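Now for the letters of each chain:
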Amino acid sequence: MGSEFRPMYIQRLFSLHNLLQPQIQFYKSIFSARRIQALAIITDNPQTTTTLNVTHDAEWTPTSISYSKLLSQCCQTKSLNPGLQIHTHLIKIGLENDPKHRNHLINLYSKCRVFRSARKLLDESPEPDLVAWSALISGYTQNGLSQDALLAFTEMHSLGIRCNEFTFPSVLKACSMKKDIIGGKQIHGIVVVTGFENDVFVANALVGLYAKCGDFLDSRKLFDQIPDRNIVSWNALFSCYSNGHFFKEAIDLFQDMIITGLIPDEYSLSTIINACTGLQDITQGRKIHGYLIKHGYTSDPFSCNALADMYSKVGDFEDAKTVFDHIPNPDIVSWNAIIAGCVLHEYFNLGLELFLKMKRSGITPNMFTFSSVLKACSGLGLQDLGKQFHSILIKSEIELDPHLCSGLIDIYSKCGEMDDAQRVYDMMPQKELIALNTLLCGHSQNGNDIEALSLFSKDRDRIGFNEATLLPILNSSASLQDVYVSEQIHGLSLKTGFQSDPFVINSLIDSYSKCGYVERAKMVFDESDIADLATFTSMISAYAQSGQGEEAIKLYLKMQDLELKPDSYICSSLLNASAILSAYEQGKQIHVHTLKSGLLSDVHTSNSLVNMYARCGSIDDASRAFFEVPEKGIVSWSAMIGGLAQHGYGKEALSLFDKMLKDGIAPNNVTLASVLSACNHAGLVTQAKTYFETMEGVFGIKPTQEHYACMIDILGRSGKLDEAMDLLSRMPFEANASVWGAVLGAARTHKNVDLGQRAARELLVLEPEKSGTHSLLANIYASVGLWEEVADTRRLMKDSKVKKEPGMSWIEVKDRVYTFIVGDRSHSMSEEIFKKLGELMDLIREEGYVPVLENDLHNVTTSEKEVLLLYHSEKLAVAFGLIATPPRAPIRVKKNLRVCIDCHTFLKFVSKVVTREIIVRDINRFHHFRDGNCSCGDYW
């Protein structure tokens, strides 16, 4: 019998009563004991809906007691169809008005959600008693109809019928479900007036009511006032604490219960295990596991599921797998816990394998299963499999809740299918914030920054936003270098109070710094009350990325004063900051910290260490760091190849590249750019042409602007200017500033005025604010004696308000970085420095040094030019280094521009007369001056 026909059928039963009265005695006489026995058997099986078969055997006259027993069995098993048949027979034999039968029927119909019939029986009762009303109220509550339960209670109370210890728990539970603390307190008043406040069942319901309504203080007071607390009392408060995320309070309460000597049951233990999970307290969780074993609850499915969930989320996943493997018949909750654990621990393949095993076991997946499975597909980048699961979801008619939709959006986003991700979002009938945040992250991570900003602008007022929403928006504004958006989000965070969220603070610092506003990033940092490792890391990274290595080191020292222990990310940032400054000693100190902290096993830190030593001029230290990298990836190899190339060891760089290929590591864009750079620094034109022409065919990598710029620079330096321009004309895209900069550099090297003018025109369009173009063009003019053109170029710079970047050099001495500019007399030891410079000049003149004046742009006398060249910043830095560093120690200098020919010649002679190695890093490469020679072979 279909459920939709049951109410109609029951109504017909009532109408049959009068018509059947003459035949009642006949039915009484033939009703047999066998029929009663058959009915009793059927009601024991809640799945049975078979119609009873009448069998004739020994005659037996049924009694009211036997019907009550049968109806009670139907209520216990929620067997509606047998109950309907008994109701039919009661009508036939005229016993339907018996109060006990009527109450049993009301109870049965209420439990089976046939409330219309239950209410009809109640309304037709001459004097409905407390039992009938309690049955109806209990049925409403058990089926989640809290409002109907409270209305029924109000009606009963208005009739003057007093509640008892069985009715109050149902009514109080209805208030709990609605979180109706006002109504609950009113009923509490009635409980006190009627004297049931000390009944343990009523008291337990009151404890649950106050806790679920958030009033944990009164809940605990009521709990403490229960005279004879049973396990249900404790469990009620455990559950409320745990559900309210008061995990520590739940665990403390559990310890109190153990002290009283009360033995926990499986419900207590599973609830406390969930509290341990929420508190991430695996130690306490293992203790509860011990209680489970001690009290013999290891086969309880709820406890086992809670254990599997706890070990998956907090402990060792192998423990979770062991618990799961010992569950005799895992249900959907068990499978969901272990599959979610696989995803959490990034065992994505195992998660998918378990999903298939679950399917084969006959368990039907639900929305939680699919949510985990979609994350596994996303983690593995299995877009096609994710689409298949999407199809299964549609076919199975599982409701696509916000979490499932977010999972689908996530997998499409991670596979770069943003159109499909947007389509899933658009098809959601009710947009939720979790889905919006996932889609924003997808757009931001896939470089769709404009789309991310547009979506946020469109949906933020309708759906709202939280801290997580602001993070991808700040990331997109950083990518677009749109400081206006960063400022708007900053303002929103201040209005909403999200500026105190550490993730928002760190994203604001990152966004401002990437937009070029490091001072505003510093302002956010200074105004933050959070002085944790993540915030310091963000600010140190901001300084490092903007080239302010000195500020990064200062902040690191401040962090040490606060006794914050650095992690691998901050060590990488600090090593990069040291590399930017060429701060060799500072870098070595960071190296020591990474060793002490055990962070060298981190690949990113190891790669940063290789890069730092290479950029600080110690290629030997870089080589040692490289060979100690635990698992060399393409970044490691590229860093070492690039380092060798910058130091002029072109052949060694190419040899290492060949070894990398033999080890089975495929190059990327950066590696091949380093290989071409190695050829460039070593003047290996033929090899460079071979690598460039075969990079797409052999390695599957199309040349980028960087590769073209490097190849054009190689051809230009070697004097193959026509070939360089031919290659430029064949580029598949418009040449950028790097390419034209290479052409301008070649024109300067070979004093080609026409080519220099053409390259300069292009660069002035692409980078009008850069002073280097004017300087190089003026150099070309000066090299051929075109002084009027030099003056015109200078005049153009002045009219265009382009400021020439001054030559600056840095040298690190005793953990401090000293800066010098041309003719600088601001140093406290300037008198000694200039005196030392004079001594050096006398020594090298004796060795044959002659100033190189041809590239000096000043139209003055020769002697005046010699004076101007004498005080270039790198010469001052080297003179200071000879004074301030120990004898025989290498002198390391960094310069922001290309080393001029005269300084290059000067330093070769100085290295010979003082028998010291001088390492200079200019804008292009490293120069190692030893015994009168340079590692570049005068090719730079």
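Fair warning: this is a prediction, and the values are worked out from it, not measured in the lab. (Residues numbered from 1 in each chain as written. Predicted model: local features only at pLDDT ≥ 70, side-chain atom pairs only at ≥ 80, totals over all residues. Heavy atoms only, no water.)

Engineer: Is there a simple way to explain the packing of aromatic side chains in this structure?
Structural biologist: A ring pair, where both rings are aromatic, is described by two values, the distance of the centres and the angle of the planes. This model, assessed by the stated rule, comprises 29 aromatic pairs. Note on Phe 692 and Tyr 708: the rings are 5.1 Å apart at their centroids and 80 degrees apart in plane angle, and the pair reads as edge-to-face. With Phe 692 in helix 41 (residues 685–699) and Tyr 708 in helix 42 (residues 705–717), this residue pair connects regions lying 16 residues apart in the sequence. Between Phe 820 and Phe 880, the aromatic rings sit 5.7 Å apart at their centres with planes inclined by 50 degrees, giving tilted as the arrangement. Residue Phe 820 is found in strand 2 (residues 816–821), and its partner Phe 880 is found in helix 50 (residues 873–884); the two are separated by 60 residues along the sequence. Phe 880 matches Phe 820 in its accessibility class, with the two residues each being buried. One aromatic cluster in this structure is built from Phe 223, Trp 234, Phe 238, Phe 254 and Tyr 291. Over the face of the ring belonging to Phe 834 we find Arg 825, whose NZ or CZ atom lies 3.8 Å from the ring centre. (Phe/Tyr/Trp six-rings, centres within 6.5 Å; stacked < 30°, edge-to-face > 60°. Helix = DSSP H or I, 4+ residues; strand = E, 2+ residues; numbered from the N terminus. Buried < 20%, exposed > 50% of the residue type's maximum accessible area, 1.4 Å probe, protein only. Lys NZ or Arg CZ within 6 Å of the ring centre and 35° of its normal.)

Engineer: Which parts of the structure should I look at to understand the UniProt feature "repeat: PPR" (unreviewed entry) in the protein?
Structural biologist: Taking the numbering used here, the UniProt-annotated feature "repeat: PPR" (unreviewed entry) corresponds to residues 129–163, 230–264, 331–365, 401–435, 532–566 and 633–667. Across residues 401–435, helical content stands at 71% and strand content at 0%; the span's end C-alpha atoms are separated by 10 Å. (UniProt positions renumbered as here; feature names shortened; annotations may be inferred.)

Engineer: Please clarify how the side chain of Thr 605 should be interpreted in this entry.
Structural biologist: Tracing the backbone shows Thr 605 in helix 36 (residues 603–615). Not counting chain neighbours up to four residues away, the residues in contact with Thr 605 comprise Ser 568, Cys 571, Ser 572, Leu 575, Thr 594, Leu 599 and Leu 600. (Contact = heavy atoms within 4.5 Å.)

Engineer: Which parts of the structure should I look at to understand the pairing of strand 2?
Structural biologist: Put simply, side chains in a regular strand alternate between the two faces of the sheet. For strand 1 (residues 808–813) and strand 2, the ladder comprises six bridges, and the chain directions are antiparallel. Each residue of the ladder has a partner; that of Met 808, found in strand 2, is Ile 821. (Pairing = 2+ DSSP bridges.)

Engineer: What's the story with unusual backbone geometry in this structure? I'm lost.
Structural biologist: Most peptide bonds adopt trans geometry, and most residues besides glycine take a negative phi value. Here Glu 346, not a glycine, exhibits a phi torsion of approximately 65 degrees, which is positive. Residue position: Glu 346 is located in the loop between helix 20 (332–344) and helix 21 (348–360). With relative accessibility at 58%, the residue Glu 346 sits in the exposed group. Unusually for a residue other than glycine, Asp 931 sits at a positive phi of about 50 degrees.

Engineer: Would you take a moment to explain helix 36 for this structure?
Structural biologist: Residues three or four positions apart in an α-helix share a direction because the helix packs 3.6 residues into each turn. The end-to-end C-alpha distance of helix 36 is 18 Å, a good match for the 18 Å that 13 residues give at a rise of 1.5 Å each. Among all positions in helix 36, only Thr 605, Ser 606, Asn 607, Ser 608, Leu 609, Val 610, Met 612, Tyr 613 and Ala 614 are buried. The inward-facing, buried residues of helix 36 abut helix 34 (568–581), helix 35 (584–597), helix 37 (619–627), helix 38 (634–646) and strand 5 (926–930). Sitting at the amino-terminal end of helix 36 is Asp 602, which places a side-chain oxygen 3.2 Å from the backbone nitrogen of His 604. At the C-terminal side of helix 36, Gly 617 shows a positive phi close to 90 degrees. (Expected span 1.5 Å × (residues − 1). Polar contact = N/O pair within 3.5 Å; in protein donor to acceptor, adjacent residues only side chain to side chain.)

Engineer: Help me understand the pattern of salt bridges, please; the structure alone is not making it clear to me.
Structural biologist: Pairs can form between side chains of opposite charge once their charged atoms are near each other. Within this structure, the stated rule accounts for 30 salt bridges. We note a salt bridge from Asp 510 to Lys 514, for which the minimum N-O separation is 3.4 Å. Of this pair, Asp 510 and Lys 514 both sit in helix 30 (residues 502–514), four residues apart, roughly one helical turn. Taking the relative accessible area as the measure of exposure, Asp 510 reaches 22% and is therefore partly exposed. Taking the relative accessible area as the measure of exposure, Lys 514 reaches 36% and is therefore partly exposed. The salt bridge involving Asp 526 is made with Lys 522; its shortest N-O contact spans 2.9 Å. Taken together, the positions of Asp 526 and Lys 522, both in helix 31 (residues 518–527) and four residues apart, correspond to about one turn of that helix. Take Lys 522: its relative accessible area is 22%, and that puts it in the partly exposed class. (Salt bridge = Lys/Arg side-chain N within 4 Å of Asp/Glu carboxyl O.)

Engineer: Just to check I follow, could you spell out the environment of Asp 620 for this structure?
Structural biologist: Secondary-structure assignment places Asp 620 in helix 37. C-alpha of Asp 620 to C-alpha of Glu 693: the two residues are 73 residues apart in sequence and 32 Å apart in space.

Engineer: Please clarify how the layout of surface pockets should be interpreted in this entry.
Structural biologist: Counted as a void, the second largest pocket has a volume near 940 Å³. Every residue lining the second largest pocket is counted, 33 residues in all, and those nearest its centre are Asp 309, Lys 313, Val 333, Asn 336 and Phe 368. For the lining of the second largest pocket, the secondary structure elements donating two or more residues are helix 14 (231–243), helix 16 (266–279), helix 18 (301–313), helix 20, helix 22 (367–380), helix 24 (402–414) and helix 26 (433–445). Here the lining of the second largest pocket gets seven residues from one element, more than from any other, and that element is helix 20. Class assignment for the residues of the lining of the second largest pocket results in twelve nonpolar, 16 polar and five charged. (1 Å grid on protein atoms, 1.4 Å probe; cavity = no way out; pocket = protein on both sides within 12 Å on 5 of 7 lines; lining within 4 Å. Points joined across faces, edges and corners; volume = space filled by probe spheres on them. Nonpolar A, V, L, I, M, F, W, Y, C, P; charged D, E, K, R; others polar.)

Engineer: Where do I start with the packing of helix 29 (residues 483–496) against helix 30 in this structure?
Structural biologist: Two measures define how a pair of helices packs: the angle their axes make with one another and the distance between the axes. Running from N to C, helix 29 and helix 30 cross one another at 160 degrees; their axes reach a closest spacing of 10 Å. Relative to helix 30, helix 29 is oriented roughly antiparallel. Taken as a pair, helix 29 and helix 30 cross one another with a handedness that is left-handed. Here Val 483, Ser 486, Glu 487, His 490 and Ser 493 of helix 29 come into contact with helix 30, specifically with Val 504, Leu 508, Ser 511 and Tyr 512. (Axes fitted to C-alpha atoms, helices over the stretch in contact; angles between N-to-C directions. Parallel < 35°, antiparallel > 145°, perpendicular 65-115°, else oblique. Left-handed = near helix turned anticlockwise from the far one by under 90°.)

Engineer: Where do I start with the side chain of Thr 537 in this structure?
Structural biologist: Structurally, Thr 537 is set in helix 32 (residues 533–545). A relative accessible area of 6% means that Thr 537 is categorised as buried. In this structure, Thr 537 is in contact with Asp 567, Tyr 569 and Ile 570, ignoring residues within four places of it in sequence.

Engineer: I tried to follow the sheet that holds strand 1 on my own but got confused; where do I start?
Structural biologist: Backbone-to-backbone hydrogen bonds join strands into a sheet, with any given pair of strands oriented parallel or antiparallel. The sheet built from six strands is open, its strands ordered 2-1-3-4-5-6 with mixed pairing. Two strands bound the open sheet, and with one partner strand each, they are strand 2 and strand 6 (933–934).

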